[in-house]
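# Architecture at a glance
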Amino acid sequence: MYHAGLRSEEASLLDRPDVHSGRGPFGKLHVRFGKGAHTSGTRPRWVPMLDQLDLVLRWFLDDVRGKFPDSPALFADESGGHLHQGTARNRLRYLMELEGRPAADRFSPHALRRACATHNYERGVDLVAIQQLLGHWTVSSTMRYVRPSATFIEDAYRRAVTSTLGELTGEEPTP
């Protein structure tokens with residue numbers, strides 16, 4: 001959910017044929033049941049598999065998915081049906097409790113979606129591209145998801161100055 005910015009319901013409704021590793025430079029997920037705005041019905045979209053999500057999904061399909069009943073569901077329950085969206089939330093909560101994470105440091109699957117938006121924005125990904133990734137109708141919806149870090153302004157300034165100095169001196173900027 002983090003790498004693709006998917007809602008838990010969108011991820012739970014993915015089928016194995018929705019994984020298209022050869023589509024585009026990174027591969028894409030076909031989110032057929034994207035949330036529509038204002039009861040407009042589902043809004044399908046293609047989501048690129050960024051940050052090597054294609055490798056993670058390939059490992060999952062090759063080494064893990066075969067241990068569950070054969071069905072089209074990408075993330076299947078014990079009976080082969082689609083994993084319920086609440087299962088991901090409950091399992092995440094259980095794992096954070098198990099590791100002893102303080103309640104204040106716990107997060108939800110939807111927080112992973114917000115983190116995806118924020119981290120891509122901080123990397124310099126265009127806001128409209130993030131909007132399309134998340135499947136939002138408007139950029140203003142996407143902006144509610146972006147929560148830059150405390151040093152975001154300073155980091156952006158440092159990158160801009162470094163880039164400009166590099167252009168002026170003909171040197172490659174150091175990352």
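The notes below deal with the structure included here. (Residues numbered from 1 in each chain as written. Predicted model: local features only at pLDDT ≥ 70, side-chain atom pairs only at ≥ 80, totals over all residues. Heavy atoms only, no water.)

## Some words on helix α5 (residues 127–134)
- Buried within α5 are the following residues: Leu 127, Ile 130, Gln 131, Leu 133 and Leu 134. All buried residues of α5 fall inside an arc of 160° around its axis, so they share one side.
- Looking at the packing, one finds that the buried side of α5 touches β3 (45–48), α4 (109–123) and α6 (139–143).
- Between the side-chain oxygen at the start of α5 and the backbone nitrogen of Val 128 there is a gap of 2.9 Å, and the oxygen is on Asp 126.
- Following α5 by one or two positions, Gly 135 has its phi on the positive side, about 80°. (Buried < 20%, exposed > 50% of the residue type's maximum accessible area, 1.4 Å probe, protein only. Helix = DSSP H or I, 4+ residues; strand = E, 2+ residues; numbered from the N terminus. Arc of directions from axis to C-beta. Contact = heavy atoms within 4.5 Å. Polar contact = N/O pair within 3.5 Å; in protein donor to acceptor, adjacent residues only side chain to side chain.)

## What to know about the layout of surface pockets
- The volume enclosed by the largest pocket comes to roughly 860 Å³.
- Along the walls of the largest pocket sit 29 residues, with Met 1, Phe 60, Phe 75, Leu 83 and Ala 88 positioned nearest its centre.
- For the lining of the largest pocket, the secondary structure elements donating two or more residues are α1 (8–12), α2 (53–64), α3 (85–98) and α4.
- The element that contributes the greatest number of residues to the lining of the largest pocket is α2, accounting for six residues.
- Looking at side-chain class alone, the lining of the largest pocket contains 23 nonpolar, four polar and two charged residues. (1 Å grid on protein atoms, 1.4 Å probe; cavity = no way out; pocket = protein on both sides within 12 Å on 5 of 7 lines; lining within 4 Å. Points joined across faces, edges and corners; volume = space filled by probe spheres on them. Nonpolar A, V, L, I, M, F, W, Y, C, P; charged D, E, K, R; others polar.)

## Observations concerning the nonpolar core
- Residues Leu 6, Leu 29, Val 47 and Leu 57 are the most contacted members of the largest nonpolar core, which totals 16 residues.
- Elements that contribute at least two residues to this core include exactly β2 (28–31) and α2.
- By residue number, the principal contributor to this core is α2, which donates four residues.
- Beyond its immediate chain neighbours, meaning those up to four positions away, Leu 29 contacts Ala 4, Leu 6, Leu 14, Asp 18, Val 19, Arg 45, Trp 46, Val 47, Met 49, Leu 53 and Leu 57.
- Formed by six residues, the second largest nonpolar core is a distinct cluster that contains Ala 117, Leu 127, Tyr 145 and Val 146. (Core = buried A, V, L, I, M, F, W, Y, C linked by side-chain atoms within 4.5 Å.)

## Focus: unusual backbone geometry
- With phi around 55°, Asp 51 is a residue other than glycine that occupies positive phi space.
- If you trace the backbone, Asp 51 turns up in the loop between β3 and α2.

## Some remarks on a nonpolar patch on the surface
- A surface patch of nonpolar side chains, amounting to about 440 Å² of accessible area, comprises Tyr 157, Val 161, Leu 165 and Leu 168.
- Residue placement: Tyr 157 occurs in helix α7 (residues 152–169).
- The exposure class assigned to Tyr 157 is exposed, which follows from its relative accessible area of 59%. (Patch = residues over 30% accessible without salt bridge, like charges linked within 9 Å, V, L, I, M, F, W, Y side chains within 5 Å. Areas by Shrake-Rupley, 256 points an atom, 1.4 Å probe, with all protein chains shown as cover. Salt bridge = Lys/Arg side-chain N within 4 Å of Asp/Glu carboxyl O.)

## Details of the side chain of Thr 142
- With respect to the secondary-structure elements, Thr 142 resides in helix α6.
- Given a relative accessible area of 0%, Thr 142 falls into the buried group.

## Focus on the sheet that holds strand β1 (residues 19–20)
- Strand order across the open sheet formed by three strands is β1-β2-β3, with antiparallel pairing between neighbours. The open sheet has two edge strands with one neighbour each: β1 and β3.
- Pairing geometry for β1 and β2, over two bridges, is antiparallel. Looking across to β2, one finds that Val 19 is bridged to Leu 29. (Pairing = 2+ DSSP bridges.)

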